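Coordinate analysis (summary)
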Amino acid sequence: MIERILPTDDARDLLDLVTELADKELAPRAADFEARAEFPRAALRTLGRAGLLGLPYPEEVGGAGQPYEVYLQVLEILASRWLTVAEAVSVHTLACYPVAAYGDDALRERLPEMLGGELLGAYCLSEPQGGSDAAALTTKAVRDGDDYLVSGAKAWITHAHSADFYNIFCRTGGPGPDGISCLLADVPAAGITPLKPERTMGLNASPVSQIVFDGARVPAGRVVGGEGIGFKIAMTALDSGRLGIAACAVGLAQAAVDYAVDYAKERQQFGKPIATFQGLGFMLADMATQVSAARALTLAAARLRDAGRPYSAEAAKAKLFATDAAMKVTTDAVQVLGGYGYVADHPVERYLREAKVLQIVEGTNQIQRLVISRHLTRA
Ligand code: COS
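The name given to the protein chain in an unreviewed UniProt entry is Acyl-CoA dehydrogenase, with the source organism recorded as Pilimelia columellifera subsp. columellifera. Checking UniProt for the protein chain, the heading Sequence similarities (unreviewed entry) contains the comment "Belongs to the acyl-CoA dehydrogenase family."

Right under this line is the structure:
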């Protein structure tokens with residue numbers, strides 16, 4: 001049981017509700033869905049009906065008006081039961097950000113359906129030839145009467161097949177960040193083809209795919225915030241999204257610690273539980289410390305965001321530290337279980353495979369270091 005200081009009694013009730021729901025609806029299904037690589041769309045509808053798909057957005061537009069600090073702890077609990085679902089909530093929340101933060105009144109009319117979870121979103125920024133150098137993207141949108149015609153390809157897109165709307169970051173102007181715009185497209189649509197899902201190392205119930213755009217028509221009114229500000233939208237959305245990934249990492253790592261501790265208390269060698277051997281006990285202590293530190297860093301960054309303070313570098317630090325911690329902690333959890341850690345009868349080998357992707361998505365951890373170092377050294 002994690003001791004938490006929460007800002008309100010409402011927040012505590014929310015976390016209790018999420019824990020109950022995650023224990024009942026998510027945890028029992030995770031292993032089977034992952035083994036079958038089946039995306040749990042129904043589970044996301046359940047979360048939507050429970051009001052969990054628009055938590056950090058204002059109530060006036062259909063959100064739950066929760067501070068980011070609380071939203072991230074919800075994500076953490078979901079991730080400790082089933083990372084695919086937590087990641088889906090995080091990606092959907094990211095996909096709602098452009099319209100919520102930059103959309104005009106007409107686009108914002110769609111927010112209640114988006115935040116209520118009726119519509120699921122995808123965030124299409126990366127491309128096959130590059131993800132880190134986002135400002136070099138080449139997907140093009142050319143004006144044709146009242147529409148844009150979009151051509152190009154996106155890659156690694158979560159919800160490519162299950163989403164109802166895409167944020168498409170594309171080039172409407174010249175080279176560099178100032179030529180980029182964000183279009184909101186309803187899908188499925190003519191000229192937009194998600195390809196066969198990638199065969200990934202983990203997080204198999206959350207397929208990622210390339211998407212091909214071949215002269216797809218998107219109405220001109222669907223430019224979010226106006227032409228040329230797409231890169232700024234993408235970057236500010238990712239500042240928030242990276243905190244979501246950090247919270248997912250904390251939840252996953254916590255699950256690994258909990259499983260390893262339970263196992264080490266039960267497993268007997270040399271006539272006593274292996275947890276009583278200092279070599280193992282200290283390992284568990286280091287694992288638990290990593291998780292606490294990752295949680296503290298993540299929530300500290302969230303509180304800056306909630307207070308309206310700059311938090312970009314702190315979000316990058318949280319994403320970097322929490323996902324590296326999750327990698328280390330899940331690897332150590334496998335070690336605690338020994339041979340049993342390496343087989344699929346226990347979830348820790350899956351946790352290890354899932355942790356790896358968190359060091360890569362929403363900016364590799366090398367990109368997080370670049371963001372942090374630029375903040376340290378800028379004039
Ligand atoms: N918030 C607001 N504006 C930002 C910003 C942020 N976090 N980061 C950059 N910008 C602005 C800059 O201020 C600059 O605007 P001005 O020209 O008006 O000053 C503009 O965007 C360009 O910024 P910069 O020169 O830093 O861009 P770079 O091409 O060097 O790219 C990185 C910066 C590497 C940080 C960016 O490309 C990045 O985050 N890459 C990783 C992308 C990613 O995370 N992909 C994951 C897939 S999406 S799930």
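Membership of the largest hydrophobic core comes to 75 residues, with the highest contact counts inside it found for Leu47, Leu72, Leu78, Val89, Leu243, Met287 and Val336. Of all elements in the fold, only helix H1 (9-36), helix H2 (41-49), helix H3 (68-81), helix H4 (83-102), helix H7 (230-266), helix H8 (278-306), helix H9 (312-337) and helix H10 (348-358) reach the threshold of two or more residues within this core. Here this core spans two domains, since at least three of its residues come from each of domain 1 (9-115) and domain 3 (237-377). When near neighbours in sequence (up to four residues on either side) are disregarded, valine 336 contacts Ala260, Tyr263, Ala264, Ile274, Leu280, Met283, Leu284 and Met287. Within the second largest apolar cluster, 27 residues are counted, among which are Ala95, Tyr97, Val99 and Leu111.

Here we take up H8. For H8, which comprises 29 residues, the first-to-last C-alpha distance of 41 Å matches the rise-based estimate of 42 Å (1.5 Å per residue) to within 8%. All of the buried residues along H8 are Met283, Leu284, Met287, Val291, Ala294, Arg295, Thr298, Leu299, Ala301 and Ala302. Here the buried face of H8 lies against H3, H7 and H9.

All told, the structure shown has 17 salt bridges when counted by the stated rule. Measuring nitrogen to oxygen at the nearest pair gives 3.0 Å for the salt bridge that ties aspartate 147 to arginine 217. Linking aspartate 147 in strand S3 (residues 147-158) with arginine 217 in strand S7 (residues 208-219), this pair joins segments that are 70 residues apart in sequence. Classification of aspartate 147 as buried rests on a relative accessible area of 18%.

By the definition in use, this model includes 6 aromatic pairs. Between the aromatic rings of tyrosine 166 and phenylalanine 213, the centroid separation amounts to 6.4 Å while the plane-to-plane angle is 75°, which identifies the pairing as edge-to-face. Highlighted residues: tyrosine 166 in strand S4 (residues 165-171) and phenylalanine 213 in strand S7, separated in sequence by 47 residues. Taking the ring centre of tyrosine 148 as reference, the NZ or CZ of arginine 143 above it sits at 5.6 Å. The ring of tyrosine 68 carries arginine 305 above its face, with NZ or CZ at 3.9 Å from the centroid.

We now examine the pairing of strand S5 (residues 180-186). Burial of S5 is extensive: 6 of the 7 residues sit out of reach of the surface. Taken together, the 7 bridges between S4 and S5 define a ladder with antiparallel strand orientation. Considered in S5, the bridge of arginine 171 is made with isoleucine 180.

What follows covers the domain arrangement of the protein chain. We note that the domain assignment places domain 1 (9-115), domain 2 (121-231) and domain 3 (237-377) within the protein chain. When each unit is reduced to the centre of its C-alpha atoms, the spacing between domain 1 and domain 3 is 21 Å. Contacts between the two partners involve 19 residues from domain 1, matched on the other side by 24 residues from domain 3. At the boundary of domain 1 with domain 3, total buried surface from both sides reaches about 1,900 Å², with 67% on carbon and sulfur atoms. Area buried by domain 1 at its contact with domain 3 is led by Tyr68, Glu76 and Leu83, which between them contribute 33% of it. Viewed at the interface, domain 3 and domain 1 are joined by 2 salt bridges. As a salt-bridge pair, arginine 303 and glutamate 69 come within 3.1 Å of each other at their nearest N and O atoms.

We now examine the site of the ligand. For the ligand, the set of nearby residues contains 22 residues, the closest of which are Ser132, Asp239, Arg242, Gly363 and Arg374. Within the side chain of aspartate 239, an N or O atom sits 2.9 Å from a nitrogen atom of the ligand. For the ligand, the protein covers 65% of the area, taking 1,000 Å² as the surface of the free molecule. Mapped by element, the contributors of at least two residues to the shell around the ligand are H7 and helix H11 (365-377).

Cut-off values and rules
Residues numbered from 1 in each chain as written. Predicted model: local features only at pLDDT ≥ 70, side-chain atom pairs only at ≥ 80, totals over all residues. Heavy atoms only, no water. UniProt positions renumbered as here; feature names shortened; annotations may be inferred. Core = buried A, V, L, I, M, F, W, Y, C linked by side-chain atoms within 4.5 Å. Buried < 20%, exposed > 50% of the residue type's maximum accessible area, 1.4 Å probe, protein only. Helix = DSSP H or I, 4+ residues; strand = E, 2+ residues; numbered from the N terminus. Domains from an automatic or database assignment. Contact = heavy atoms within 4.5 Å. Expected span 1.5 Å × (residues − 1). Salt bridge = Lys/Arg side-chain N within 4 Å of Asp/Glu carboxyl O. Phe/Tyr/Trp six-rings, centres within 6.5 Å; stacked < 30°, edge-to-face > 60°. Lys NZ or Arg CZ within 6 Å of the ring centre and 35° of its normal. Pairing = 2+ DSSP bridges. Buried area = accessible area lost by both parts, 1.4 Å probe. Near = heavy atom within 4 Å. Polar contact = N/O pair within 3.5 Å; in protein donor to acceptor, adjacent residues only side chain to side chain. Areas by Shrake-Rupley, 256 points an atom, 1.4 Å probe, with all protein chains shown as cover.

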